[in-house]
Amino acid sequence: MKVRLRELQPFDKEAAEAAIKHDHGLHPHDEYLKPGRIPHIWCPGCGLGVVLTTFIEAMRRKNITPDQCAVVSGIGCTGRVAGYLNMDTYHTTHGRAIPFATGLALAKPDLHVTVFSGDGDLFAIGGNHMIHAARRNVNLKVICVNNFNYGMTGGQVAPTTPLGAKTSTTPRGNAEPGFNLPHLAHAAGAVYVARWTTFHPRQLVHSISQTFDKTGFTFVEAIAPCPTGYGRPNKLGAGLDEMKFYGEHSEIRNGAPPGDAEIELRGKIVVGTFIDVDRPDFLTSYNSRIVSAAQAKGKQKEKVKIA
Amino acid sequence: MAHKDILTGEHFIHGDAACAEGGLAAGCRFFAGYPITPATEVAERMARRLPEVGGVYIQMEDEIASMAAILGASWGGVKSMTSTSGPGFSLMMENIGLGMMTETPCVVVNIQRGGPSTGLPTLVGQADIMQARWGSHGDYGCIALAPSSPQECFDLTVHAFNLSEIYRQPVFVMADEVVGHMTEKVVIPPRRELTVVERTYPNMPKNDYFPFESTGSLPAPMATAGQGYNVHVTGLTHDERGYPVITDIVQERNVRHIVDKIRKNAEKIIRVEAIGLTDAEVVLTAYGCTARVARQAFENLRDRGHKVGFLRLITVWPFPSNLIRELAPRVRAFVVPEINYGQVAYEVERTAQGKAEVMLMALMGGSIHTPEEIEDAVGEYL
């Protein structure tokens, strides 16, 4: 068969370079941002910029360079975080950031692998991966930006949407309760569990920087305003109003049992660092139990051969 | 190290074990999988062998996660593989697409069983051949190899790793239950006699590296996480830097690159076993376990003096279209036995362009053809 194609327009390396030179360096965090990727796609008033900044601040605080990190994202507004960070970044399929990151972290155990994704991505389509990675205690830092809805697709109900809340697919209010994410992460086996809102950037920086010192599966939930998808139908005002709302409704209770962190529409939001424990991560356990046994057996065999 | 990664010597093992040993010999050091009949033995062998040779085996929560994990490990600079059968292969399709779009080398072994759905878990099928080609959404190039023996399970798994590194994409080993569970002699050659393609890493300055550039119909070298190139890897349509660009212009470049790297190199990739084609009036075309029976039928017919040819597809994809096109005007018919209701037979019919008859000898799964029924079918054209 004959194939007729349109003429290809080649990649213009010079134009791409010129665009980078024009803009890159203007932002105070440009060292950590991928050249030529800003401006971002997020709505005015969105909380994602705050969470991204707190991640960068945490890296700074811990003197961690971009070469020591990799970020893996799923799909959605938070899924776009990966593309803005100037390090090795992987924007994977919907819900699959954690299993992709599991492979990456096991292949490159010296890297700090962070999964940055949204509540829908991590807890609906990716829920099973999330609980199993926590159970295995894979050395991953999961940062879940929770905006209580699917923002990218225009504000549909999510596994975190509180009972009664309105979204584009729950126009008469949500008939289901939402997940209590810290409780779920804790029950599944995470060694570090914290929740803050974007009203608490200092605490977020503190928690994220603490996770850089942990080996194993850590979970930080960052509650973020989504004025477009969630704030408007639930009459929470503009982005700033929604952030203030979360701030005012927060109750800091470090060390609280994660079961107390249930969220209700217009109810209080328990925030804090809930869990900070230690147990061997997947690779430590695999190496000490499996690899050492397998290799000891090999040595034994060799001894027999020599004898 | 006390344990050997390449078990040089003669072995009496089944095809599943040979796939695992082929992977290890090719340098695979990461396996993520999920139990499924009749492919479980591949995972079991890997679970035992990988920790002996410094690798990692992980049993994931499902095949979706297995496929995602081997892509992640591959970007971590480790050769990786998974194995499955029909239902798991269906689940893997999503991240196979991600592997194609992000040009990530890895190997997926499919020990085919009867389908659709749960079908015949313990019995043979060959009905995933078109799924391998078209199963994930969107356009991409496909490489699929079909071993006919445990020996080939070893050889072709090594070869699949090599092709996956050269063309930077997931490569399929499309075995079947009969070949996977068949125990035969497998000769593993010494290391120096094995061709193993190692990954090409970039070594140019950061500003000159374009991880998704097409260089003469071949992919660019692949940077490993932490190597310092700060690569962005996305399943979105992306430019040569890996940056997402949602335009028709970039889509045109992106998709044509991932299709053309296979299409334009097809003749280099295609492998067939061809016997008696020069004077053949009827050509038996088969692959996998079916090719073993077809081979017997071919020999019986030749012994009786019939001008029959034998064409075994070692690569099912890319399909040897040029060969079929060239043969069609000078043969009477192609007889295609396969354990499905018509997959490769359609491809033969399409490329023969009406210049030769095509007969599909279809079995729905659960059993293999007999040489006698193939001889009988060929007899229609003699």
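## Considering the domain arrangement of chain B
Residue and element names in this part refer to chain B. Under the domain assignment used here, chain B contains domain 1 (9–193) and domain 2 (273–379). Its C-alpha centre places domain 1 at a distance of 26 Å from the equivalent point of domain 2. Each partner contributes to the interface: domain 1 provides 25 residues, whereas domain 2 provides 23 residues. Where domain 1 abuts domain 2, roughly 1,900 Å² becomes buried across the two surfaces, and 58% of that area is made up of carbon and sulfur atoms. The largest per-residue losses of area from domain 1 upon contact with domain 2 belong to Gln-126, Ile-129 and Met-130, which jointly make up 32% of the total buried on that side.

## Some details on empty space enclosed by the protein
In this structure the tally under the stated criterion is 1 cavity of 30 Å³ or more. Residue lining of the largest cavity: A:Phe148, A:Pro162, A:Tyr230, A:Leu236, A:Phe245, A:Tyr246, A:Ile263, A:Glu264, A:Leu265, A:Arg266, A:Gly267 and A:Ile269, and that is the complete set.

## Quick notes on the domain arrangement of chain A
Taken domain by domain, chain A holds domain 1 (40–276) and domain 2 (282–307). Computed over C-alpha atoms, the centres of domain 1 of chain A and domain 2 of chain A are 40 Å apart.

## Quick look at the interface of chain A and chain B
Each partner contributes to the interface: chain A provides 52 residues, whereas chain B provides 53 residues. When the two sides are added together, the surface that chain A and chain B hide from each other amounts to roughly 4,500 Å², 59% of it contributed by carbon and sulfur. For the salt bridge of B:Glu213 with A:Lys13, the shortest nitrogen-to-oxygen distance reads 2.8 Å. Our count for the contact surface shared by chain A and chain B stands at 22 residue pairs in polar contact (both at pLDDT 80 or more). Secondary-structure elements contributing two or more residues to the side of chain A that touches chain B are helix 1 (13–23), helix 3 (81–84), strand 2 (88–91), helix 4 (97–107), helix 6 (127–136) and helix 11 (282–306) of chain A. Per-element accounting of the side of chain A that touches chain B gives the leading share, 12 residues, to helix 11 of chain A. Among the residues forming the side of chain A that touches chain B, the class breakdown is 22 nonpolar, 16 polar and 14 charged.

## Considerations on the confidence of the model for chain B
Averaged over every residue, the pLDDT of chain B is 97; the share at 70 or more is 99%. Interface confidence for the predicted complex, given as ipTM, is 0.97, next to a pTM of 0.97.

## Details of the environment of B:Arg325
Residue and element names in this part refer to chain B. On the secondary structure map, Arg-325 appears in helix 11 (residues 321–327). Taking C-alpha positions, Arg-325 is 9.9 Å from Gly-354, a pair spaced 29 residues apart along the chain. Those residues in contact with Arg-325, other than ones at most four positions away along the chain, are Thr-351 and Gln-353.

## Observations concerning the nonpolar core
Residues A:Phe219, B:Phe30, B:Phe172 and B:Phe334 are the most contacted members of the largest nonpolar core, which totals 146 residues. Beyond its immediate sequence surroundings of up to four residues, B:Phe30 is in contact with A:Gly103, A:Leu106, B:Leu50, B:Val56, B:Ile58, B:Ala69, B:Ile70, B:Ala73, B:Val78, B:Lys79, B:Ser80 and B:Met81. Formed by 42 residues, the second largest nonpolar core is a distinct cluster that contains A:Trp42, A:Ala82, A:Phe212 and A:Ile223.

## Digging into helix 13 (residues 371–379) of chain B
All names here are of chain B. Within helix 13, burial applies to Pro-371, Ile-374, Glu-375, Ala-377 and Val-378. Projected down its long axis, helix 13 carries its buried residues within an arc of 160 degrees, all on one side. The exposed residues of helix 13 that point more than 90 degrees off its buried face are Glu-372 and Asp-376.

## Quick look at the pattern of salt bridges
All names here are of chain B. One pass over the full model with this rule turns up 33 salt bridges over all chains. Among the salt bridges present, the one from Arg-253 reaches Glu-240, with a minimum N-O distance of 2.9 Å. Of this pair, Arg-253 sits in helix 8 (residues 248–263) while Glu-240 is found in the loop between strand 10 (232–234) and helix 8, placing the two residues 13 residues apart along the sequence. Owing to a relative accessible area of 12%, Glu-240 belongs among the buried residues under this scheme. We note a salt bridge from Asp-279 to Arg-302, for which the minimum N-O separation is 2.8 Å. Residue Asp-279 is located in the loop between strand 11 (272–275) and strand 12 (282–286), and its partner Arg-302 is located in helix 10 (residues 288–303); the two are separated by 23 residues in the primary sequence. By relative accessible area, which is 26% here, Arg-302 ends up partly exposed. Through salt bridges that share partners, Glu-152, Glu-273, Arg-295, Glu-299 and Arg-312 make up one connected network.

## Describing the packing of helix 6 of chain A against helix 7 (residues 181–188) of chain A
Residue and element names in this part refer to chain A. Orientation of helix 6 relative to helix 7, taken along the N-to-C sense of each, is 45 degrees, at an axis distance of 7 Å. In terms of orientation, helix 6 and helix 7 fall into the oblique class. When helix 6 is examined against helix 7, the residues Met-130, Ile-131, Ala-134 and Arg-135 are found in contact with a partner set consisting of Leu-184, Ala-185 and Ala-188.

## What to know about unusual backbone geometry
Across the junction of A:Ile38 and A:Pro39, the peptide omega takes the value 15 degrees, indicating a cis bond. Of the consecutive residues B:Gly115 and B:Pro116, the connecting peptide bond is found in the cis state with omega at 0 degrees. Unlike most non-glycine residues, A:Asn63 shows phi in positive territory, near 55 degrees. Taking relative accessible area as the criterion, A:Asn63 reaches 67% and is therefore assigned exposed. If you check the backbone angles, B:Gln353 has positive phi at about 50 degrees while not being a glycine. Mapped onto the elements, B:Gln353 comes out in the loop between helix 12 (344–352) and strand 16 (357–362).

Calculation criteria
Residues numbered from 1 in each chain as written. Chains lettered and ligands numbered in written order. Predicted model: local features only at pLDDT ≥ 70, side-chain atom pairs only at ≥ 80, totals over all residues. Heavy atoms only, no water. Domains from an automatic or database assignment. Contact = heavy atoms within 4.5 Å. Buried area = accessible area lost by both parts, 1.4 Å probe. 1 Å grid on protein atoms, 1.4 Å probe; cavity = no way out; pocket = protein on both sides within 12 Å on 5 of 7 lines; lining within 4 Å. Points joined across faces, edges and corners; volume = space filled by probe spheres on them. Salt bridge = Lys/Arg side-chain N within 4 Å of Asp/Glu carboxyl O. Polar contact = N/O pair within 3.5 Å; in protein donor to acceptor, adjacent residues only side chain to side chain. Helix = DSSP H or I, 4+ residues; strand = E, 2+ residues; numbered from the N terminus. Nonpolar A, V, L, I, M, F, W, Y, C, P; charged D, E, K, R; others polar. pLDDT = per-residue confidence, 0-100. Core = buried A, V, L, I, M, F, W, Y, C linked by side-chain atoms within 4.5 Å. Buried < 20%, exposed > 50% of the residue type's maximum accessible area, 1.4 Å probe, protein only. Arc of directions from axis to C-beta. Axes fitted to C-alpha atoms, helices over the stretch in contact; angles between N-to-C directions. Parallel < 35°, antiparallel > 145°, perpendicular 65-115°, else oblique.

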